[in-house]
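As a plain string of letters, each chain reads:
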There are 2 protein chains.
Amino acid sequence: MPESANKPRKRNAAATREAILRSAHECFVRSGYDGVGVREIAAGAGVTAMLVNRYFGSKESLFAEVIARDLDAPTILTPETLASPTLARDMARLIVAVTDSQARTLDGFQMTFRSAGSTRAAELAKEQIERFHHQRLAGVLSGDKAAERAAIILSLVAGVQILRQMIGLDALSKADPDVLAQLIEPLIAALIALPKA
Amino acid sequence: MPESANKPRKRNAAATREAILRSAHECFVRSGYDGVGVREIAAGAGVTAMLVNRYFGSKESLFAEVIARDLDAPTILTPETLASPTLARDMARLIVAVTDSQARTLDGFQMTFRSAGSTRAAELAKEQIERFHHQRLAGVLSGDKAAERAAIILSLVAGVQILRQMIGLDALSKADPDVLAQLIEPLIAALIALPKA
DNA sequence: GTCTATAGAAAGATAGAC
DNA sequence: GTCTATCTTTCTATAGAC
């Protein structure tokens with residue numbers, strides 16, 4: 001290889017940037033914003049800490065970019081579930097599936113909750129959740145109080161995720177997924193249906 | 001004051017210990033385990049950082065004691081609600097009340113979730129929540145799958161708290177409390193009732 | 001019982017070589 | 001484009017005076 005003999009090492013800027021983002025994602029999901037340092041993120045990407053700040057300016061800017069990427073797509077509201085005639089049942093099963101201890105679907109939420117000690121992280125997450133998750137869910141719920149009903153559905157998802165996936169409450173993490181889905185289905189059905197008043 | 005002229009300053013051991021615990025409570029609720037330092041906790045108690053470690057050995061031991069105190073009592077399951085003939089309605093209203101942005105009732109949960117980045121904090125919280133909150137709630141739910149139903153009730157509480165109180169989702173934090181209670185009531189009713197199968 | 005002072009590690013961020 | 005080396009701050013925890 002005569003032509004590239006004096007190139008510094010191997011990667012280009014785009015690949016390095018992506019590697020840092022990916023490592024930061026893993027670290028923030030695992031330990032939250034305050035629980036991980038720039039050095040650890042850099043090591044996970046195979047670079048040095050200095051490059052992280054060079055590419056993203058600061059740890060906070062990096063976090064903002066990671067969380068924006070992770071919370072930019074709805075999770076329990078996929079096109080498939082929407083088109084289904086058994087929406088409540090499908091959604092209940094999906095909630096149970098994505099909150100499994102091994103599931104990674106809700107990484108964005110997990111990162112958010114694990115970083116909830118940081119006020120700035122909560123602000124960033126609020127914006128994204130409202131824009132991408134709540135607004136879309138509320139949009140498909142017809143009738144009165146759609147915003148509140150959508151928010152309560154999100155609350156149920158968030159709560160199950162936290163107690164099942166993060167806290168590891170035995171009654172949830174060791175439960176039969178089918179049982180959980182059966183118990184959650186009527187709740188979703190009640191929130192999808194029009195309120196009585 | 002001739003007799004106590006050479007006493008160091010003012011307090012006794014018990015009062016100092018209590019002041020540190022109280023300050024630590026406030027700090028951990030606000031910023032989570034990783035988000036606050038021993039110096040800040042000490043300053044809030046009017047002492048120096050050294051005393052914190054002298055009384056509690058380490059920051060982690062202090063946290064363990066604080067979270068044990070905060071999670072030692074059930075919150076949505078008070079004697080009053082239990083005796084009520086309209087249990088579901090009362091519990092729904094109570095959930096809305098204790099997750100108000102100004103409410104302090106669920107400080108223990110809030111501290112837990114804000115500290116969820118720390119694995120150790122999650123372990124400590126799991127033990128307490130299972131022992132004091134989940135077990136008692138499951139105990140009053142008759143019929144099959146009581147443990148799972150109780151856990152889902154706790155999930156709903158936790159989820160609403162997080163999105164309403166910590167994230168500040170507008171649809172929840174700016175909503176009419178009565179509307180929220182009306183929407184939550186049938187969910188609680190469905191979980192209190194015996195499962196169909 | 002409480003203090004000042006500090007040790008030792010680790011944090012975020014930057015300077016400058018190559 | 002990536003590195004080593006370092007600055008500055010902050011952290012937990014400890015030593016020793018009074």
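Residues numbered from 1 in each chain as written. Chains lettered and ligands numbered in written order. Predicted model: local features only at pLDDT ≥ 70, side-chain atom pairs only at ≥ 80, totals over all residues. Heavy atoms only, no water.

Some thoughts on the relation of the copies chain B and chain A
Rotating chain B by 180° and translating it 0.0 Å along the rotation axis places it on chain A, where the RMSD comes to 0.0 Å. Classification of the inter-copy transformation places it as that of a two-fold axis. Identified as the residue of chain B closest to the rotation axis by C-alpha distance is B:G159, at 1.8 Å. (Least-squares fit on C-alpha atoms with pLDDT ≥ 70 in both.)

Considerations on the confidence of the model for chain A
The predicted structure's coordinates, where accompanied by low pLDDT, should not be read in detail. Residues and elements named next belong to chain A. Per-residue pLDDT for chain A averages 90, and the proportion of residues at 70 or more is 90%. Of all helices and strands in chain A, the one with the weakest mean pLDDT is helix 5 (residues 79-83) (65), whereas helix 10 (residues 170-173) scores best (98). Here residues 1-8 is a poorly scored stretch, pLDDT under 50, and it has 0 contacts once near neighbours within four places are set aside; other chains count. (pLDDT = per-residue confidence, 0-100. Helix = DSSP H or I, 4+ residues; strand = E, 2+ residues; numbered from the N terminus. Contact = heavy atoms within 4.5 Å.)

A few points about helix 7 (residues 107-114) of chain B
Counting buried positions over the 8 residues of helix 7 of chain B gives 8, a clear majority of the element. Regarding helix 7 of chain B, the residues found buried are B:D107, B:G108, B:F109, B:Q110, B:M111, B:T112, B:F113 and B:R114. Residues of helix 7 of chain B that are buried sit in contact with helix 7 (107-114) and helix 9 (146-166) of chain A together with helix 1 (13-31), helix 4 (59-70), helix 8 (119-140) and helix 9 (146-166) of chain B. (Buried < 20%, exposed > 50% of the residue type's maximum accessible area, 1.4 Å probe, protein only.)

Quick word on the domain arrangement of chain A
Residues and elements named next belong to chain A. Parsing chain A into structural domains produces domain 1 (10-63) and domain 2 (79-192). Placing the centre of domain 1 and that of domain 2 at their C-alpha centroids yields a distance of 28 Å. Across the interface of domain 1 and domain 2, roughly 880 Å² is buried in total on both sides, 61% from carbon and sulfur atoms. For domain 1, the biggest contributors to the area lost against domain 2 are V29, E60 and F63; these three give 53% of the whole. (Domains from an automatic or database assignment. Buried area = accessible area lost by both parts, 1.4 Å probe.)

Description of the packing of helix 6 (residues 87-98) of chain A against helix 11 (residues 177-192) of chain A
The geometry of a pair of packed helices is captured by two quantities: the angle between their axes and the separation between those axes. Residue and element names in this part refer to chain A. The geometry of helix 6 relative to helix 11 is characterised by a closest axis approach of 7 Å and an angle of 130° between their N-to-C directions. Taken together, the axes of helix 6 and helix 11 are oblique relative to one another. Pair helix 6 / helix 11 crosses with right-handed handedness. Across the interface between the two elements, L87, A88, R89, M91, A92, R93, I95 and V96 from helix 6 touch P177, L180, A181, I184, E185, I188, A189 and I192 from helix 11. Its residues placed into classes, the contact of helix 6 with helix 11 shows 13 nonpolar, no polar and 3 charged. (Axes fitted to C-alpha atoms, helices over the stretch in contact; angles between N-to-C directions. Parallel < 35°, antiparallel > 145°, perpendicular 65-115°, else oblique. Left-handed = near helix turned anticlockwise from the far one by under 90°. Nonpolar A, V, L, I, M, F, W, Y, C, P; charged D, E, K, R; others polar.)

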